[in-house]
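Residue-level structure breakdown
Listed here are the chains, written in short residue letters.
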Amino acid sequence: MEEATPNPGHGNRQQLAERVASPAVRNLELTVEAVVEEYVGSFGWSQFLHVLLVSIVWVFDSQNTLVTIFSDAQPKSWRCINNSSSSLCMSSGSRGDVSSVCGLKPGTWEWVGGHESSIVAEWGLVCDRRFLAAVPASMFFIGSLLGSAFFGHLADASLGRKRTVLLSCILSSATAFLTSLSPNIWIYALLRFANGFSRSGIGICCIVLATEVVGRKWRGPVSQYGFFFFTVGFFSLPLIAYPTRKNWRNLYRIISLLPLSYSVLSFPFVSESPRWLLVRGRSKEALDVLRKFARRNGKTLPENLCLANPSDPKEGGENEALTKTCTTESLWRTKWAAKRMITVMIAGFGVGFVYYGVQLNVENLNFNLYFSVGINALMEIPAIIFGTILLGLTSRRLLFSLSAFLAGISCLLCIIFAHGKHGNKADKSRDGSWAQLIIEGVGFMAASIAYDVLYIYCVELFPTNVRNFAMSQSRLSLMLGASIAPLLVAAGRLSPSLSFLVFGILSIFSGVVSLWLPETKNAPLYDSLKQQEEEEKHKHVGQSNNIQA
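Note that the structure is a prediction, hence the values are computed from the model and not measured. (Residues numbered from 1 in each chain as written. Predicted model: local features only at pLDDT ≥ 70, side-chain atom pairs only at ≥ 80, totals over all residues. Heavy atoms only, no water.)

**Observations concerning the side chain of Ser180**
Tracing the backbone shows Ser180 in the loop between α9 (160–179) and α10 (185–211). Residue classification places Ser180 among the buried positions, given a relative accessible area of 1%. Here Ser180 is in contact with Arg249, Tyr252 and Arg253, once residues within four sequence places are set aside. (Helix = DSSP H or I, 4+ residues; strand = E, 2+ residues; numbered from the N terminus. Buried < 20%, exposed > 50% of the residue type's maximum accessible area, 1.4 Å probe, protein only. Contact = heavy atoms within 4.5 Å.)

Put into structure tokens, the structure is as follows:
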């Protein structure tokens, strides 16, 4: 009987122990988005430093992309060699008209800037060989096109964002240096292809790596920081190119040193994306990254915090479910995502064609090349400022479409002022149309805004487990447009109006296509295609019910 009698003291102690132990057992399960917003901070000092270090890489991307503006430029003037007795040389027309050399014998004339001032001067890419000068730039963008798919898959499936950027920087440095050793136009074009392939990991990973660690209201501004550094790289090119104007090979050697130095000195301090770590089943490492960000912001995460699994946990353990979701979900096999991706790529093709084409087309403006490039680089600054402000005030879709429309209209207006090209080419300062330069600058600023917005738009349109792949496909379309642009620029040497007409039409077309994309402003970043589809359906049903009510 005594054994059956309960012990009141023992029961109280047991209940007290359960109350004390229960909080420790019960985990606080939150998504990465919620942890950043509630505990780490939307954009603290640690995220600012992280974004800064990541965004610096855009400087090298810009330099490697736009270096051909100077290295592949057509020299503006030539002269007869002093000991030449050729009467044809002495009687030729303006020394600023490059077409005049086509009937001259080799050895009777020379370029004023020297035969190593550009690849056109060194390898004689004029007259019937003038279209060969467009091949290296086209090969660069074709390499970027293929590299986007490669690095996008690599960043999502195995290496992650951080190591993919590091690999891209190292390869960009190596290929840029090898380009300076090119013995002929064909090896040069091949190495430009390799350089374009190598730099692709920078553009598609840096913006994702920067935006995945900040709160939703900061994603727009943070995406613009990368483009600011792209502008810094753009603006630095004339400053590097002018001292090396006598030897284009030295220009490549200088820009090859910068990404390598950065990779060794600065990039080790960059953290991997916690979102990518989570979808790869490495939740402990993802939590460690978030704790580090919180600590540097002067905050702490709850001890019982664990990260929510975006996939169905009933199918297996956390790592198994997450990995299975990441590896089995396909963007192209998911109907809604595939339609969305195709729309983005069509819009991206036109924007990429115009954005890069207008930059390469500065040589057809009849202004000093260094001055024209500097003006375009300066126009990137208001593009970033206006883009950052407008991203916070208006929708992504509206901002992209209006920017594309403005760029297209500006290009069409440039046709009216293209008459200067047919004047006396020896006097660039007199023939250059200031109205054309200003309108071209406004058009380039609008194209830059559209180009920048497309990146952040694409980040928000797709979930974590395919985000880098989606970015790579978007960049692929941008590079496909850019790869065709140099051929149009070469044709523009004969007919400037043609290049501006095509630029204008394609830009307006991109703005129209973008109107079929959904709005993403202030939308959360989802982790899987299944999760995003369910959440967006639920959101649309809720909106329909509210309208009916």
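**Some remarks on a nonpolar patch on the surface**
On the surface, Phe235, Leu239, Leu378, Ile381, Ile385, Phe386, Ile389, Leu390 and Leu393 cluster together to form a nonpolar patch covering roughly 830 Å² of accessible area. Looking at the nonpolar patch, the elements with two or more residues in it are α11 (219–241) and α17 (369–393). Tallying contributions element by element places α17 first for the nonpolar patch, with seven residues. Looking at where Ile381 falls in the secondary structure, it is placed in helix α17. (Patch = residues over 30% accessible without salt bridge, like charges linked within 9 Å, V, L, I, M, F, W, Y side chains within 5 Å. Areas by Shrake-Rupley, 256 points an atom, 1.4 Å probe, with all protein chains shown as cover. Salt bridge = Lys/Arg side-chain N within 4 Å of Asp/Glu carboxyl O.)

**Quick word on the environment of Ala294**
Here Ala294 shows up in helix α14 (residues 283–296). Taking the C-alpha atoms as reference, Ala294 lies 8.5 Å from Val36; in sequence the two are 258 residues apart. Apart from residues no more than four positions distant in its own chain, Ala294 is found in contact with Val40, Lys299 and Leu301.

**Some remarks on the state of the cysteines**
Cysteine pairs can be covalently joined through their sulfur atoms, and such a bond is termed a disulfide. Under the defined criterion, the tally for this structure stands at zero disulfides. Free of any disulfide, Cys414 has its nearest cysteine sulfur in Cys411, 6.0 Å distant. Residue classification places Cys414 among the buried residues on the basis of a relative accessible area of 0%. (Disulfide = S-S within 2.5 Å.)

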